[in-house]
Number of protein chains: 4
Amino acid sequence: MSGNTFGKLFTVTTFGESHGEALGAIIDGCPPGLELDASDLQHDLDRRRPGTSRHTTQRREPDQVRILSGVFEGVTTGTPIGLLIENTDQRSKDYSKIKDQFRPAHADYTYHHKYGIRDYRGGGRSSARETAMRVAAGAIARKYLASQGIRVRGYMSQLGPIGIDFKQWEAVDSNPFFCPDPDKVPELEAFMDQLRRDQDSVGARITVVAEGVPVGLGEPVFDRLDADLAHGLMSINAVKGVEIGDGFAAVASRGSEHRDEMTPEGFLSNHAGGVLGGISSGQALVAHLALKPTSSITQPGRSIDIHGEAVEVVTKGRHDPCVGIRATPIAEAMMALTLMDHFLRHRAQNADVEVDTPRLS
Amino acid sequence: MSGNTFGKLFTVTTFGESHGEALGAIIDGCPPGLELDASDLQHDLDRRRPGTSRHTTQRREPDQVRILSGVFEGVTTGTPIGLLIENTDQRSKDYSKIKDQFRPAHADYTYHHKYGIRDYRGGGRSSARETAMRVAAGAIARKYLASQGIRVRGYMSQLGPIGIDFKQWEAVDSNPFFCPDPDKVPELEAFMDQLRRDQDSVGARITVVAEGVPVGLGEPVFDRLDADLAHGLMSINAVKGVEIGDGFAAVASRGSEHRDEMTPEGFLSNHAGGVLGGISSGQALVAHLALKPTSSITQPGRSIDIHGEAVEVVTKGRHDPCVGIRATPIAEAMMALTLMDHFLRHRAQNADVEVDTPRLS
Amino acid sequence: MSGNTFGKLFTVTTFGESHGEALGAIIDGCPPGLELDASDLQHDLDRRRPGTSRHTTQRREPDQVRILSGVFEGVTTGTPIGLLIENTDQRSKDYSKIKDQFRPAHADYTYHHKYGIRDYRGGGRSSARETAMRVAAGAIARKYLASQGIRVRGYMSQLGPIGIDFKQWEAVDSNPFFCPDPDKVPELEAFMDQLRRDQDSVGARITVVAEGVPVGLGEPVFDRLDADLAHGLMSINAVKGVEIGDGFAAVASRGSEHRDEMTPEGFLSNHAGGVLGGISSGQALVAHLALKPTSSITQPGRSIDIHGEAVEVVTKGRHDPCVGIRATPIAEAMMALTLMDHFLRHRAQNADVEVDTPRLS
Amino acid sequence: MSGNTFGKLFTVTTFGESHGEALGAIIDGCPPGLELDASDLQHDLDRRRPGTSRHTTQRREPDQVRILSGVFEGVTTGTPIGLLIENTDQRSKDYSKIKDQFRPAHADYTYHHKYGIRDYRGGGRSSARETAMRVAAGAIARKYLASQGIRVRGYMSQLGPIGIDFKQWEAVDSNPFFCPDPDKVPELEAFMDQLRRDQDSVGARITVVAEGVPVGLGEPVFDRLDADLAHGLMSINAVKGVEIGDGFAAVASRGSEHRDEMTPEGFLSNHAGGVLGGISSGQALVAHLALKPTSSITQPGRSIDIHGEAVEVVTKGRHDPCVGIRATPIAEAMMALTLMDHFLRHRAQNADVEVDTPRLS
């Protein structure tokens, strides 16, 4: 209830502070019989990991995950899966200045007032480091979904002012931006190099897509598939907007063009992004998310301290100039977790359902 | 778990089909001692009700709500509040055609496959009529929040291609569009008149704002205030996008401009929309939502029937040419319900917290 | 969260006060495709209804239930089922005395302090009248379970000091006590007649049994089948104890006799009551519950009023001299609801499981 | 939803198998500002730990618990508390025989059919070793409750056939049985010595009491304090019965004696066990639980294997001849967790309530 659990049937509960002893998670509700190994999780963790290019923070976070329970002889048993990543790069440094100041656009001010106390080392619980456990849990969901023919993938669709068209999935993992257009990568690199020189940061837009989703996932009226997906994506640090399908472009469109007509051969378009009435239609599930620019920049900013006095804050340390660059695996994880949860919810109630009506391919 | 409950501490569970016997809701968790009368709910219901201008459907839905429990001698008792609206405008008509067809962009196809059976009369459970109960429940939340100094209001910020700047709250309830700019109303009316002649529909963008929100509402990491708000808003029929604060505009902005600096006199801007790290900052909570154009238009559309055969669907009946026109009270309700839930969640855990640090006004 | 919902996948949320306008419930998560009619619910409601013999209260509560949603053309649709019973026997009487007094062993004192306000008419929300909705909801669960070969039944196993051995199911519904031994009924009647002359009340012990339960229901470690059943049964008004299988008799038994040995032909005994490690074993699920004597008796009792002053309370009105007499259908309902919930929970996670091992018959 | 979480506002989620790598838990919802150290948890863990007398298993389980998050500079921060106990006594032994057999009265048979796979080493997830994490989490709850004047304690009230009267709290922790009557200890020791010679096991009855509970905890109608307590206690391994206050003795009692009359000086008795209408009355909260005899005994037992063939099972290894002997700290933990959860739930809804009526001391 204090918000550290995601999902209702396939639940992920996480703990851990940026500079605490460890990060951990418990995944409850995983079906038994799934082959699972720590290396399945490590692959996605490595995709999210910082320090793999000059465009992300140079912090070293090996992020070696251990599976502590719920897997026996290489197969899930249906009991809770405990995950652990011990923190190794906890530099002991001087926090005497930052501990009494609220960095602008960070959670310092709100955590302080909400809890009366906060772990100020590296942002504590509010650090994006927490998302490592989402990625690890998401990898389990992705593996199960894959066994059901469902594939979740994402890419960067905008970096700062630079829009990126989708070209090919193959390109996405071969550059540090998760950019699906290989010809666009040099422009992105040049932009980021200039940004670092400007000592500034920038936002990004990420697109995530699930293919092979069966018809029927999602629980109207409140826990629609798109509503729960919006919850999951908006819960990622720095995300300020979520769209399904056409999203905000739907506002200016007309019903005659927006409605996705159907023929026996299939849908004629996918403006809806794969959801009708909150339930998956069998088309590709498509969502976009907006990430704000990193708040930690080295330009001085005005703020206050815990006594309410004006201070000038300079954020040092090793920060991503664009948190969106590493956000693709996190967004994939949240979409996978949402689908996994609804996959189980759907079959709990509707396992008996049989219809003769053909499903559109 | 089948998705008809919203909230965790202040829960709203609804039932009812468009053309069934009644709509109803149970609100559980309302603090005792709140003065409450059916007229408190009726006011908001009347704002949502169709047929009040020529720009909305001409269906008559009196939507008279009754409070069946949880209120004694005019005051809430802390026990569950039962609400009921009996359906009165259930025209008996011939559904023989529609029952075997899937209207494009409706939930017909997905409900059919998910449940194997659907109440096809007026869309059944997938009808926007269901939102009446959200508005009724939201009115209870709004009344309690008002007693805590929190005020939730909304307005239309775009109709189809026409952007609308915020001018004044006073104007919002004096036109059928919830338009905050009185000078813009004639343009909106002309646009809608032409749209009806075109037998087409259009989308809208709604903005909702909560003022007087205390610092501290929201539960990281998954149940952030903005994440739960996104869930609530995206669960409204026809919504395809949600933004907090600057939303997608944050993508192209720079950290040096986006971060909301603080001084002892207050925040210098509100790009974040009132949420930092998933917790309310005390600034105005600002969200935008995109509604797609109404799917029911009288232009024929291609579709299939339950046998998978191609059909041409013509949607008759009395439909809103822009569902967004009546969406403002619904969006207000979902923001109020989200805030109410987090108000209670926050004080459950943090009622003991005391800090000397002044709160920014 | 305020406690008026039972179950996690098959959820029952209820509202209503004893002398309010109506009682109601929303059942969410019922699988679609189940034939259902109000008469299915009415049958169990009538078994619980007072006034059917001289041994229960002579209040008339017709308890006519209406299904307001979730059923279409005689079949459940998978959407929430709204139930309503309008209160008809709301005698307007003078409550001026009782409203400021706390009846001993009632919830008056605790409701007053918890909520600061209470609906004192007939006990308000704390009245056993609330259980009517449990019985109605339970009837839906029982019908679905019956379609899966699961049958839930109960009987009275002790009335005050009189123990009752199980003889035959056929007898249970042919006497006002749900007594399974027809030869015992005269003794029970004589006992009750004397009890009324004594102006006193007495407790009862009820036994509920489910047959045909598949192996595998129950979710360790906290939501074991027996733990959730204990929750459900203990939540019934006046219940003070719950046993599974041998219950408290297990304390004095030895492992060599208590363990239920297995042979290829089946279990050799059922001391465990059908649950091993929190999971159903396929044997009969057996639970017992203890109900305290009715608190409302006409003998004067010492108490205090809302000013803390000593008062003498005489409870008038039409009360059951033994609430346990009408408790059997309620206990059956709670066992059915528990099984229904776990039936869905089990298949959500474990629908893929296949084992060659034969199940004991 | 797969049952490994207890509580709704103060939630405990656990993982870990008997012979896996580690046991762990996440406690979410702990109020910030509580002084907490691993030694606070270790104290209760040591009380539960086996091998401290000849009457319990001689397994060595050091059970050293680490706090991995949620505590900063010795104080809880309001973020989730991660706990970990690494397993150290994982003897590598030959499981070839046990892996294909179902031990009578164990969860082997039910886990096998539910999940299709089970970790057979030491009972895997169904081992009582799992309760170590309940005790650790309960210690956090107990510390917070103590700060509110609430004290939870338990004792053994029956060992096999030997009833034990409550004499003094001081005696409880000074003997291996948690026996509150020091004069009874020699009889218990002699009984246990004979039991070991008989190669048999026996059940026990435990009583837990909370003092200082405020009026008002508990959420009618389903989540009554006693119902949730019954859930918690029945979820402990081997528990077969739960009573509140007089429990099953209430069946044979009369209303005139059972009702707890009130005077301005206080309640005249406590047959109800501190709960009226599901809400705490301010009296001592009293519950009893029945534990069955240990299923693992060295006498051969009849059973079947995974092929359905008859086998003779002899359980070797180091087992408690009476699991009830170590159950007192576990029962205390479950009562503390239940109270903690309801403490937070109550104040979420009712923090505004003020009444002039004096509370009975």
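Nothing here was measured: the structure is a model prediction, and the numbers come from that model.

1. Things to note about the overall build of chain A
In step 1: Scanning chain A for helices and strands turns up eight helices and 18 strands.
In step 2: Relative to the globule expectation of 21 Å for 361 residues, the C-alpha radius of gyration of chain A, 21 Å, shows essentially globular dimensions.
In step 3: Referenced to the eigenvectors of the C-alpha coordinate spread, the extents of chain A come out at roughly 70 × 50 × 40 Å.
In step 4: When burial is assessed residue by residue, chain A has 70% of its 361 residues classed as buried.
In step 5: In chain A, once contacts between residues fewer than 6 apart in sequence are set aside, the share between residues at least 24 apart is 71%.
In step 6: Of the roughly 11,100 Å² that chain A leaves accessible, carbon and sulfur atoms contribute 46%.
In step 7: Counting 40 positive and 48 negative side-chain charges, chain A places the centres of these two groups 6 Å from one another.

2. Remarks on the UniProt feature "binding site: NADP(+)" (unreviewed entry) in chain A
Residue and element names in this part refer to chain A.
In step 1: UniProt marks Arg48 and Arg54 with the feature "binding site: NADP(+)" (unreviewed entry), using the numbering shown here.
In step 2: Take Arg48: it is sitting in helix H1 (residues 38-48).
In step 3: Under the relative-accessibility criterion, Arg48 is labelled buried at 2%.
In step 4: Those residues in contact with Arg48 that sit more than four places away from it in its chain are Glu61, Asp63, Ala128, Arg129, Thr131, Ala132, Val135, Arg326, Pro329 and Ile330.
In step 5: Reaching out from Arg48, the side chain makes a polar contact with the side chain of Thr131 at a distance of 3.0 Å.
In step 6: Within the secondary structure, Arg54 is located in the loop between H1 and strand S4 (65-67).

3. Notes on unusual backbone geometry
In step 1: The residue after Pro220 of chain B, namely Val221 of chain B, is reached through a cis peptide bond having omega 10°.
In step 2: Relative to the elements of secondary structure, Val221 of chain B occurs in the loop between strand S10 (204-211) and helix H6 (225-234).
In step 3: Here the phi dihedral of Gln199 of chain A falls at roughly 55°; this positive angle occurs in a residue that is not glycine.
In step 4: The class for Gln199 of chain A is partly exposed, based on a relative accessible area of 42%.

4. Looking at the interface of chain C and chain D
In step 1: Facing 119 residues of chain C, the contacting portion of chain D comprises 119 residues.
In step 2: Interface area, chain C with chain D, both sides summed: about 9,600 Å², of which 61% is carbon and sulfur.
In step 3: Our count for the contact surface shared by chain C and chain D stands at eight salt bridges.
In step 4: With a shortest N-O distance of 3.2 Å, Arg302 of chain D and Glu261 of chain C are connected by a salt bridge.
In step 5: Here chain C and chain D share 66 residue pairs in polar contact (both at pLDDT 80 or more) between them.
In step 6: Taken together, the three bridges between strand S11 (residues 239-244) of chain C and strand S11 (residues 239-244) of chain D define a ladder with antiparallel strand orientation. Following the sheet pairing, Gly241 of chain C is matched in S11 of chain D by Glu243 of chain D.

5. Considering the relation of the copies chain C and chain D
Here two copies of a chain appear, and what relates them is a rotation about an axis with a shift along it.
In step 1: For these two chains of identical sequence, chain C goes onto chain D by a turn of 180° and a shift of 0.0 Å along the axis, with RMSD 0.0 Å. The symmetry that links the two subunits is that of a two-fold axis. When C-alpha distances to the rotation axis are compared across chain C, the minimum falls at His231 of chain C, with a value of 2.4 Å.
In step 2: Both copies present the same face, since 100% of the interface residues in chain C are matched by interface residues at the equivalent positions in chain D.

6. Focus: the interface of chain B and chain A
In step 1: The interface is formed by 119 residues belonging to chain B together with 119 residues belonging to chain A.
In step 2: Summed over both sides, the interface of chain B with chain A buries roughly 9,700 Å², with 61% coming from carbon and sulfur.
In step 3: Per-residue buried area on chain B facing chain A is highest for Lys114, Phe222 and Lys240 of chain B; these three make up 9% of the total on that side.
In step 4: Applying the counting criterion to the chain B and chain A interface returns eight salt bridges.
In step 5: Between Arg254 of chain A and Asp198 of chain B there is a salt bridge; the shortest N-O distance is 2.9 Å.
In step 6: At the junction of chain B with chain A, the criterion picks out 66 residue pairs in polar contact (both at pLDDT 80 or more).
In step 7: The greatest single-element share of the side of chain B that touches chain A, amounting to seven residues, is contributed by helix H2 (residues 108-115) of chain B.
In step 8: Split by residue class, the side of chain B that touches chain A holds 52 nonpolar, 41 polar and 26 charged.

7. Topic: the sheet that holds strand S10 (residues 204-211) of chain D
In step 1: Pairing in this open sheet of ten strands is antiparallel, and the strands run S9(C)-S8(C)-S10(C)-S16(C)-S11(C)-S11(D)-S16(D)-S10(D)-S8(D)-S9(D) from one edge to the other. Two strands bound the open sheet, and with one partner strand each, they are strand S9 (162-163) of chain C together with strand S9 (162-163) of chain D.
In step 2: Here two bridges tie strand S8 (residues 151-159) of chain D to S9 of chain D, and the two strands are oriented antiparallel to one another. Paired with Gln158 of chain D across the two strands is Gly163 of chain D, which belongs to S9 of chain D.

8. Re the environment of Leu68 of chain A
In step 1: Within the secondary structure, Leu68 of chain A is located in the loop between S4 and strand S5 (71-72).
In step 2: Excluding anything up to four places from it in sequence, Leu68 of chain A contacts Gly82 and Leu84 of chain A together with Phe15, Glu21, Ala22 and Leu84 of chain D.

9. Quick word on the relation of the copies chain B and chain A
In step 1: Superposition of chain B onto chain A requires a rotation of 180° combined with a translation of 0.0 Å along the rotation axis, giving an RMSD of 0.0 Å.
In step 2: When the interface residues of chain B are mapped onto chain A, 100% of them are again interface residues, pointing to one common binding face.

10. Examining the side chain of Asp226 of chain A
In step 1: Mapped onto the secondary structure, Asp226 of chain A falls in helix H6 (residues 225-234).
In step 2: Among buried Asp, Glu, Lys and Arg side chains, Asp226 of chain A stands out as unpaired, with Lys240 of chain B the closest opposite charge at 4.7 Å.
In step 3: Once residues lying within four places of it in the same chain are set aside, the contact partners of Asp226 of chain A are Ile244, Val275 and Gly278 of chain A together with Met234 and Val239 of chain B.

11. Comments concerning helix H3 (residues 131-147) of chain D
Residues separated by three or four positions in an α-helix point in the same direction, a consequence of the helix having 3.6 residues per turn.
In step 1: An ideal rise of 1.5 Å per residue puts 24 Å on 17 residues; H3 of chain D measures up with 24 Å between its terminal C-alpha atoms.
In step 2: Gly149 of chain D lies just past H3 of chain D and shows a positive phi near 85°.

12. Digging into the packing of aromatic side chains
In step 1: Going through the model one piece at a time under the given rule, you end up with 38 aromatic pairs over all chains.
In step 2: One aromatic cluster in this structure is built from Phe102 and Tyr109 of chain A together with Phe267 of chain B.

13. A look at the environment of Glu261 of chain C
In step 1: In this fold, Glu261 of chain C is placed in the loop between helix H7 (255-258) and strand S12 (262-263).
In step 2: Relative accessible area serves as the criterion here: at 14%, Glu261 of chain C is assigned to the buried category.
In step 3: Placed 87 residues apart in sequence, Glu261 of chain C and Ala348 of chain C show a C-alpha to C-alpha distance of 31 Å.
In step 4: Once residues within four sequence positions are removed from consideration, Glu261 of chain C is found in contact with Gly266, Phe267, Leu268 and Ser269 of chain C together with Pro104, Pro300, Gly301 and Arg302 of chain D.
In step 5: There is a polar contact of 2.8 Å between the side chain of Glu261 of chain C and the backbone nitrogen of Arg302 of chain D.

14. A short note on the pairing of strand S3 (residues 22-28) of chain C
Residues and elements named next belong to chain C.
In step 1: In terms of burial, S3 is largely enclosed, as seven of its seven residues are buried.
In step 2: In S3, alternate side chains face the same way, and those of Ala22, Gly24, Ile26 and Asp28 on one face and Leu23, Ala25 and Ile27 on the other are all buried.
In step 3: In this sheet, S3 lies alongside strand S2 (residues 11-15) in antiparallel orientation, the contact comprising five bridges. Across the sheet, Phe15 pairs through a bridge with Gly24, a residue of S3.
In step 4: Joining the antiparallel neighbours S2 and S3 is a turn of six residues, in which Gly16 adopts a positive phi near 125°.

15. Brief notes about the confidence of the model for chain A
Caution applies to low-pLDDT regions: their predicted coordinates should not be interpreted in detail.
In step 1: Summary statistics for chain A give a mean pLDDT of 94 and a share of 98% for residues scoring 70 or more.
In step 2: Our summary of model confidence lists the complex with pTM equal to 0.97 and ipTM equal to 0.97.

16. Focus: helix H2 (residues 108-115) of chain D
In step 1: In terms of burial, H2 of chain D is a largely internal element, eight of the eight residues being buried.
In step 2: Every buried residue of H2 of chain D is accounted for by Asp108, Tyr109, Thr110, Tyr111, His112, His113, Lys114 and Tyr115 of chain D.
In step 3: Looking at the buried positions of H2 of chain D, the neighbouring elements they touch are S12, strand S13 (266-267), strand S14 (275-276), strand S15 (279-280) and helix H8 (328-350) of chain C together with strand S17 (301-304) of chain D.

17. Some points on the side chain of Ser280 of chain A
In step 1: Tracing the sequence through the fold places Ser280 of chain A in strand S15 (residues 279-280).
In step 2: Separated by 2.6 Å, the side chain of Ser280 of chain A and the backbone oxygen of Pro214 of chain A make a polar contact.
In step 3: Setting aside anything within four residues of it in sequence, one finds Ser280 of chain A in contact with Val213, Pro214, Val215, Gly216, Leu217, Leu225, Gly274 and Val275 of chain A together with Thr110 of chain B.

18. Some words on the UniProt feature "binding site: FMN" (unreviewed entry) in chain A
In step 1: Under the feature "binding site: FMN" (unreviewed entry), the UniProt entry names Arg125, Ser126, Ser127, Asn237, Ala238, Gly277, Lys292, Pro293, Thr294, Ser295, Ser296 and Arg318 of chain A.
In step 2: Mapping Arg125 of chain A onto the fold places it in the loop between helix H2 (108-115) and helix H3 (131-147).
In step 3: The exposure class of Arg125 of chain A is buried, given its relative accessible area of 3%.
In step 4: Beyond its immediate chain neighbours, meaning those up to four positions away, Arg125 of chain A contacts Asn4, Thr14, Phe15, Gly16, Glu17, Tyr111 and Glu130 of chain A, Val221 of chain B together with Thr79 and Pro80 of chain D.
In step 5: Of the polar contacts made by the side chain of Arg125 of chain A, one reaches the side chain of Thr14 of chain A; its length is 2.7 Å.
In step 6: At 2.8 Å, the side chain of Ser126 of chain A forms a polar contact with the backbone oxygen of Gly123 of chain A.

The rules behind the values
- Residues numbered from 1 in each chain as written.
- Chains lettered and ligands numbered in written order.
- Predicted model: local features only at pLDDT ≥ 70, side-chain atom pairs only at ≥ 80, totals over all residues.
- Heavy atoms only, no water.
- Helix = DSSP H or I, 4+ residues; strand = E, 2+ residues; numbered from the N terminus.
- Rg over C-alpha atoms; globule rule 2.2 N^0.38 Å.
- Buried < 20%, exposed > 50% of the residue type's maximum accessible area, 1.4 Å probe, protein only.
- Contact = heavy atoms within 4.5 Å.
- Areas by Shrake-Rupley, 256 points an atom, 1.4 Å probe, with all protein chains shown as cover.
- Lys, Arg positive; Asp, Glu negative; His and termini not counted.
- Charge placed at Lys NZ, Arg CZ, Asp CG, Glu CD.
- UniProt positions renumbered as here; feature names shortened; annotations may be inferred.
- Polar contact = N/O pair within 3.5 Å; in protein donor to acceptor, adjacent residues only side chain to side chain.
- Buried area = accessible area lost by both parts, 1.4 Å probe.
- Salt bridge = Lys/Arg side-chain N within 4 Å of Asp/Glu carboxyl O.
- Pairing = 2+ DSSP bridges.
- Least-squares fit on C-alpha atoms with pLDDT ≥ 70 in both.
- Nonpolar A, V, L, I, M, F, W, Y, C, P; charged D, E, K, R; others polar.
- Expected span 1.5 Å × (residues − 1).
- Phe/Tyr/Trp six-rings, centres within 6.5 Å; stacked < 30°, edge-to-face > 60°.
- pLDDT = per-residue confidence, 0-100.

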